[in-house]
Every structure is written in C-alpha cells, then in structure tokens.
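Overview (structure and organization)
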Amino acid sequence: MSTIPFVIAVHGGAGTISPDKPNEAPYHEGLQAALRAGAAVLEAGGSALDAVQAAVQSLEDCPLFNAGRGAVYTADATHEMDASVMDGSTLRAGAVAGVNGIRNPVTLARTVMDHTSHVLLIGEGAIRVAREHGVEMADAEYFHSEERLAQLERVRAQGAGVTALDHSAQAMTDNGAPIREDGKFGTVGAVALDQHGNLAAAVSTGGLTNKRPGRVGDSPIVGAGIYANNATCAVACTGTGEHFLRACVGHDIHARMAYRGESLEEAGEAVVHGLLKEIGGSGGLVSVDAKGNVHMPFNTVGMYRGVFRQGGQPQSYIFRI
Ligand code: ASP
C-alpha cells in the first residue's frame, strides 16, 4: 500500500518577541525536541493523533513554554490549564479546562476523548477522569516557578483586572485591550498529517497570567483554538484567546477551504490578517492540509514554530523568514 509523506508542525506561542533576546537556543531545542517526538510516531507508521499528542507532551514538559510544567499563574497564584485534541479522520475531540495538578493536560484531553462520551470536561470532573484512568498527576512543586510568580507580580502591579499573555506578557485590561505592546503568548500546539492521510491537532496552555479563576480561552474550544478535518486541514492556534473565540478561527479556516475552495494559505492569511486583526486579536497558528502543505501565519512580530517533513530535518523559526 502506498503511503503519504508525513509532516508535523508545532508552535510554542507568538508575540512581540525581541530580536535581540540573548538566548534563543533553548527555544529552538524545545521546538525541535517536540518535532522529533511527533515525527518518531509518524515514522513508525503511527497516527497523526498520537503524533500531535507526543509533540505537545514534549512541549508541556519544557518549562519555557506556557503549558504543563511551565504554566502561568492565575490571579489567585494557582494554575488552571486547558488542553484539547482533535482527530480529523473521525471529527472526534477531547478537551479539558481549568485543570490543576495534571502533569500533561493534553493526555487528559485524549483520555476524555477515548474514555468518555463527552468532548469537554472542566475542573474537578476532569481530574476525576484522570484518577480513574491513571493519568499522571504532579504536585504543586512541579509547577512552581519563581520566574512565573515574578511575572504574576509584574502584571498585578499594572492594576486590577489586568491580565497578560506569556512569554514576556502582553498585559490587557478587562475588556481585552492591550496596555503593553511587548507581549508574547506561550501556548503550545501541534498539527500533523500521517502516512495514512489522516490529520490531527492538539493544543495546551496555562492561559493568561493573572487571569480570573474560571477563565477559559480558545485553546480547549473546538472550532476556536483547534480544529481538524481530513477533508480540509488541521489547525492549532495561539494568541489573545478571547479574540480567537469570537472569530472561531479554527473552524473559519476549515469553512473557507470547504465552502469557498480557498487554499490553506489563502484561508489562514484571510483569517489571521483579516477578521482576527479587525477585532483586535493578535497571535498566529500552525496548520497543515490533506496534501501536506504547511502554513504558519501570525500577525505578531514573531511566533515560536517549527516543521519536520519525512526524510528531512526538524526546522524551527521565531521571526519572519
Ligand atoms: N490562547 C491562549 C489563551 O487565551 C493563550 C496563548 O496562546 O498563549 O488562553
């Protein structure tokens, strides 16, 4: 049986990343490790779904990115993490929101998809599924970070109701207006096409620094921060979550391709530089279509991202190329 060349793409957040930042190497290492983790699954003939999960788990384990171990703090100095997976071959999806103490939230999202009849579980109910299915937990010490706490203090000092996106934090007022322009968003995501022609996507995040407890962004919302459909594409987003929710970014890209016949690139450019920007949203996404085209648009200065094609080497980028 003939197989299709696989491809996987990942992101580690977007934003106004300073080009003179002294040490970019660890970010490249983190992105390339994730690409290798996903590619190992695909190389062995595994599914796009398993590959994106493996890639996102790798990024969750890296403290540089705002997901899993590196998750940012809420206004209560706690962690509330969101994650999702979607299988483009079946349109099945699993997601969790507001979970704490889960080492790899993306694994729990996959568990919700595989072992419950639901798509999205929140808080304690999601954690109960983790306990029932032996999903690995981690104590507060694992998620503790002096740097992240300092980040929380800096954002708190900017006033009540101000939140910020990782990595260097674009602070926003309660109505979502940015009050600083040096923001970077640290959510992680992955999309893949496997050798059998199936597409999948996965996303994981700690959300916003100083967010209100209970706030949920786009990352675990099917059609907003994530979408996958073998007929068109797989999409994983990062950026100002409230805007990505309002623009239904993931599904809009799919719909433009399905109903208007747009290419992956045309659809992604129209959404990221069109509607999303018009309503004040900033960020980007990684996407792949059923032919293996990859598109990684962003309307910020940079986006941590990378791609690995069968037979090639992992490539990672931060700024425009
Ligand atoms: N989109 C994420 C959220 O709003 C944040 C990010 O991309 O860093 O929760």
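Above this text you will find the structure in question.
Analysis parameters
- Residues numbered from 1 in each chain as written.
- Predicted model: local features only at pLDDT ≥ 70, side-chain atom pairs only at ≥ 80, totals over all residues.
- Heavy atoms only, no water.
- Helix = DSSP H or I, 4+ residues; strand = E, 2+ residues; numbered from the N terminus.
- Buried < 20%, exposed > 50% of the residue type's maximum accessible area, 1.4 Å probe, protein only.
- Contact = heavy atoms within 4.5 Å.
- Areas by Shrake-Rupley, 256 points an atom, 1.4 Å probe, with all protein chains shown as cover.
- Pairing = 2+ DSSP bridges.
- Axes fitted to C-alpha atoms, helices over the stretch in contact; angles between N-to-C directions.

For the rest of this paragraph, the subject is the overall build of the protein. Counting secondary structure elements, the protein contains nine helices and 15 strands. C-alpha atoms of the protein, sized along the principal axes, occupy 60 × 45 × 35 Å. The burial tally for the protein puts 58% of its 321 residues in the buried class. A fraction of 65% describes how many contacts in the protein between residues 6 or more apart in sequence connect residues 24 or more apart. Carbon and sulfur atoms form 51% of the exposed surface of the protein, whose accessible area is close to 12,200 Å².

This next bit is on the pairing of strand β7 (residues 188-193). Counting buried residues in β7 gives six out of six residues, a clear majority hidden from the surface. Taking every second residue as pointing to the same face, both faces of β7 are buried, with V188, A190 and A192 on one and G189, V191 and L193 on the other. Where strand β1 (residues 7-15) meets β7, five bridges bridge the pair, whose relative direction is antiparallel. Within the sheet, the bridge partner assigned to A9 lies in β7 and is V191. If you look at the hairpin formed by β7 and strand β8 (residues 199-205), you'll find five residues sitting between the two strands, and G197 has a positive phi there, around 90°.

The next thing to look at is the sheet that holds β1. Strands sit in the order β4-β3-β2-β8-β7-β1-β14-β15 across an open sheet of eight strands; the sheet is mixed. One side of each edge strand has no neighbouring strand; the edge strands of this open sheet are β4 (120-122) and β15 (315-317). Averaged over neighbouring strand pairs, the angle between their axes works out to 10° when direction is ignored. Packed onto the sheet, helix α1 (residues 25-43) meets β1, β7, β14 (302-309) and β15 and runs at close to 155° relative to β1.

The subject of this paragraph is the sheet that holds strand β10 (residues 226-228). In spatial order, the strands read β10-β11-β12-β13; together these four strands make up an open sheet with antiparallel pairing. Every other strand in the sheet has two partners, leaving β10 and β13 (294-295) as the edge strands with one partner each. Each of β10, β11 (233-239) and β12 (283-289) touches helix α8 (residues 249-260); the most contacted strand, β11, lies at about 145° to it.

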